[in-house]
Amino acid sequence: MTEFKRDGSHLSSYPPVEKWDDWVEYDPDAWPRRVEKHYQLVPTICFNCESACGLLAYVDKETGQVAKFEGNPKHPASRGRLCAKGPATITQIHDPDRILYPMKRSGPRGGGKWMRTSWDEVLETFGARIRKAFQENRGEEVMYHVGRPGHDFIMERTLQAWGIDGHNSHTNVCSSSARLGYLLWHYADRPSPDHANARFILLLSAHLESGHYFNPHAQRIIEGKMAGAKLAVMDPRLSNTASMADYWMPSYPGTEAAVLLAMAMVILSENRFDATFVKNWTNWEELEVDGFSAKGQSFEALIEALKRHYAKFTPEFAEKESGVKAEVIVKTAREIAAAGSRFASHLWRGSASGNLGGWQPARALMLLHVLTGSVGTPGGHNLNAWNKFVPRPYKNPPPQKRWNELLYPQEWPLCTHEMSPLLPHFLKEGRGRIEAYFTRVFNPVWTYPDGFSWIEMLRDEEKVGLHAALTPTWSETAWFADYVLPMGFSSERHDLMSQESYAGKWIGFRQPVLRVLQEREGKKFDYTYQANPGEVWEEDEFWINLSWAIDPDGSMGIRQWFESPYHPGKKLTVDEYYGWIFENSVPGLPEAAAKEGLKPLEYMRKYGAYEVTTDVYKQNEKPVAPADLSGSKVEANGVVTKDGKAVGVMVDGAAVVGYNTPSRKLELFSKTMADWKWPEFALPEYYRSHIHRSAQAASMAKPGEDFGPDFDKRYMPLVEWPKDSNGEVYTLLPIFRLPHLIHTRSGNSKYLYEIAHKNPLWVNPVDAKELGGINTGDLLKVHTEIGFFVLHAWVTEGLTPGVVACSHHMGRWRLNKEDHVERMSSAWVDLKEVGKGQWKMRQTSGVEPYETSDPDTKRVWWSDAGVHQNLTFPVHPDPITGMHCWHQMVRVERAGAGDRYGDIFVDTNLSFAVYQRWKALTRPAPGPGGLRRPLWIPRVVRPVEAAFYLPTEKG
Ligand code: SF4
């Protein structure tokens, strides 16, 4: 309730902390009577996207249930504000269809028959299977595959305690390409823009409404704008973000790097760059390009060489490639230069995630930051590692000795993350099998491309021995599991989270609200599922208990990592795990807690978040620590080493820590790319994506037809249209987010699905005419390389011509009509395998009202569940980063008489062939010295250094 100050000075937007134990509001249902309702407010963290905003759970004192969620004003990143998905958590936790108990299949896998089981039986079954695999030296056959992590470090620790290389993630369908572009410059693989203090902000894609860290970033982008910053948005769609921009640059997809390099060329040729910064902080002396070697040359000669190298990136060339007007490119380049060190940007999804070579836009964007000296500055580009804080627990297991080639195969030595979209194809090729598979808040059948290949893998008990889906909601993937294990939403679990949301470091503490409240009142629980609805559990306790089940007597050396730091030999509790971290690993937190007479854990339970520091700028300029300096030496290239390891770099006569790159500087020239068989990409470059306009025409070519110098022939064999595909060729953008939906988890939120439940195909009027006069609502058939889908058209000028677009959020489906499987968001479908690898799906009915304990489910008024386009996409692994390149060429035609809305057909034999064509583009390991991948490039759950080397003939 907004508090009116009697002195009239101001309004208070949030309940003050001192009133959180008894917050009073009038009951809206009792209006116009004034009936008081009393709440206890408990902070937790939103689990509906990666941003980790602070929630306040309003627990009704009368019912003991959570009545609503609002923002936690004490959370430093979200500051009390939320997007629509935060408050909508209330509909997820109270959804009558949610899974409340652990379930075990009672018929054939995928048959949809389930029986309730106990957590003890689950732990015993998985404990025994995993123990046997470990005892038989089959550690690689145990795999944890995460969709939304929502926690920091605990899973990495668990897998290393098990001694296995078993961490798989969704990152290669999400952000791997952007990450490589950034890490080649400065090791950190994500940007942390200081939007609030910027003077010019450049966004590639729709970051204001749906970008990475959207709510925390969006509020700071607006703050920057309100303080006078200009905003430019490069996006083929007229998104809500683009509508807020001073400059909308509707670039043709995949051409963004050409525009960025043209901007760089304007800044270089007009001498608007920060020469001191470039000279001091890049490895320019290592640059070799076009026969020029910077070694022994002057800095001025280097600049001339760069100008020669990038000379072709004229504004006119960039306009021809991208469609962005040359004068806009020049103007924005000059504004970026004028902003200087206060130039901020973000790039995620769209350009990076859609395109072959999608890492180059990140590399080119960073060149603008380097030229303007806006790295590590107020209002500039900061490193995620400087703004994210991951404290360490009481003791950590050593790195694993193994290397799992199902995760990091030799073909993609530079992939930043696991090659997870290819897992079904790897198993089909006989590269391995999985004995115990944990999918965790992960729904690849629906969220990944090529979902039918996932179904084929998951239903095969030879390939996947035992599969548990750890999930808060039903999903298409859970349907093909052996066990469905209900895990908590935001207010039902513990997690520690931090993100690079602004120029500061913070941690947030997710907590099971009902357990915390009841424990405050003196009630005792062994496990969180005893306080949660049904037997909904949390992963932290699940992994601790599973580790004990694998190694009950401690003889395997696993159990020791899950024993109490305070009571040796006793099972670790979640309070002990986090309590120790808060007492020992978070600088300043014990003191802040002591000031209020609290223990650090009590402080975090009370406030839910803590800001660790705002001293985050220019971390590269910190002096090398005296202990590292003593006994160190300076190498010829200025790198300071101690015992063979780099500890810093000499800059302007001072030993400073620099960046974690081989040169300890920002790597304008990537020797790594040159050494690992991609010398043509040692500098930031632009090359044409697989969906470039010339590739569209070439996809329709007759054999041997010449498309001239504009077409990159490397991509010539990439597209082969199925013989029955027809229609005009367009580029499909299939990955834009809607601000209020979030992949699978929003499927059981009535508030969110009421807002949006359709994903029509965006078509520009020019293209609608070309297609024979298409109108909004007409039925279209979209052919991909492996099949087709049928959906409605939406004719709109908010999209570049030649491009069609469809949001990836819709198209949920279920195989049984009555099963309680997200009925408000899914269509009931008939799925048939009509030939080997040939799958047909037809919607039997859309969404319909249904009877539950919640009267709102009878009031469901929408019938559309959207169309599941991802099923018809083949895998497109970028040959360098391994990122799935989502954009694709499609052929669009009017649907025929036999086609119905939602129809899908896919041939997985074709998807396997597409995989082979893309794999042929790779340049596999070994790299220098017999390495699988460069030692300096980070790897999730990093094994021992020896594992980085391929086995020699001698072993
Ligand atoms: S941006 Fe929205 S969904 Fe994401 S954490 Fe914040 S409130 Fe939740």
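Preceding this paragraph is the structure being described.
Cut-offs and rules
- Residues numbered from 1 in each chain as written.
- Predicted model: local features only at pLDDT ≥ 70, side-chain atom pairs only at ≥ 80, totals over all residues.
- Heavy atoms only, no water.
- Near = heavy atom within 4 Å.
- Nonpolar A, V, L, I, M, F, W, Y, C, P; charged D, E, K, R; others polar.
- Phe/Tyr/Trp six-rings, centres within 6.5 Å; stacked < 30°, edge-to-face > 60°.
- Helix = DSSP H or I, 4+ residues; strand = E, 2+ residues; numbered from the N terminus.
- Buried < 20%, exposed > 50% of the residue type's maximum accessible area, 1.4 Å probe, protein only.
- Lys NZ or Arg CZ within 6 Å of the ring centre and 35° of its normal.
- Pairing = 2+ DSSP bridges.
- Axes fitted to C-alpha atoms, helices over the stretch in contact; angles between N-to-C directions.
- Contact = heavy atoms within 4.5 Å.
- Parallel < 35°, antiparallel > 145°, perpendicular 65-115°, else oblique.
- Left-handed = near helix turned anticlockwise from the far one by under 90°.

Q: Tell me about the site of the ligand, and please be specific about residues and values.
A: Around the ligand sit Cys46, Asn48, Cys49, Ser51, Ala52, Cys53, Leu82, Cys83, Lys85, Gly86 and Asn215, and that is every residue in its neighbourhood. In the shell around the ligand, the residues fall into six nonpolar, four polar and one charged.

Q: Provide a residue-level description of the packing of aromatic side chains, including the pertinent values.
A: Summed over all chains, the structure comprises 52 aromatic pairs. The interplanar angle of 25 degrees and the centroid separation of 6.3 Å between the aromatic rings of Tyr578 and Phe582 together place this pair among those described as stacked. Taken together, the residues span about one helical turn, with Tyr578 and Phe582 both in helix α21 (residues 574–584) at a distance of four residues. Note on Tyr578: relative accessible area 2%, which makes it buried. Aromatic side chains Phe912 and Tyr915 sit 5.7 Å apart centroid to centroid with 45 degrees between the ring planes, which places their arrangement in the tilted category. Taken together, the residues Phe912 and Tyr915, both in helix α29 (residues 908–919) and three residues apart, mark about one turn of the helix. Note on Phe912: relative accessible area 21%, which makes it partly exposed. Judged by relative accessible area, which is 0%, Tyr915 ranks as buried. In this arrangement the basic side chain of Arg116 is found over the ring face of Tyr101, its NZ or CZ atom lying 3.6 Å from the centre.

Q: Talk me through the sheet that holds strand β12 (residues 200–204); I want residue IDs and the actual numbers.
A: In space, the four strands of this open sheet follow the order β14-β13-β12-β17, with parallel pairing throughout. Unpaired on one side and paired on the other, β14 (247–249) and β17 (343–347) mark the two borders of the sheet. Strand-to-strand twist in this sheet, taken as the mean axis angle between neighbours without regard to direction, amounts to 10 degrees. With three bridges joining them, strand β13 (residues 230–234) and β14 adopt parallel strand pairing. The partner of Ala232 across the bridge, within β14, is Tyr247. With respect to the sheet, helix α14 (residues 359–372) is in contact with β12 and β17, its orientation differing from that of β17 by roughly 175 degrees.

Q: Provide a residue-level description of the packing of helix α8 (residues 256–269) against helix α10 (residues 299–309), including the pertinent values.
A: Their axes nearest at 10 Å, the elements α8 and α10 cross at an angle of 140 degrees. In terms of orientation, α8 lies oblique with respect to α10. Relative to α10, the crossing made by α8 is left-handed. Across the interface between the two elements, Met265, Leu268 and Ser269 of α8 pack against Ile303, Leu306 and Lys307 of α10. The residue inventory of the contact of α8 with α10, partitioned by class, reads four nonpolar, one polar and one charged.

Honestly, that's just the spatial picture; any functional story needs more than this.
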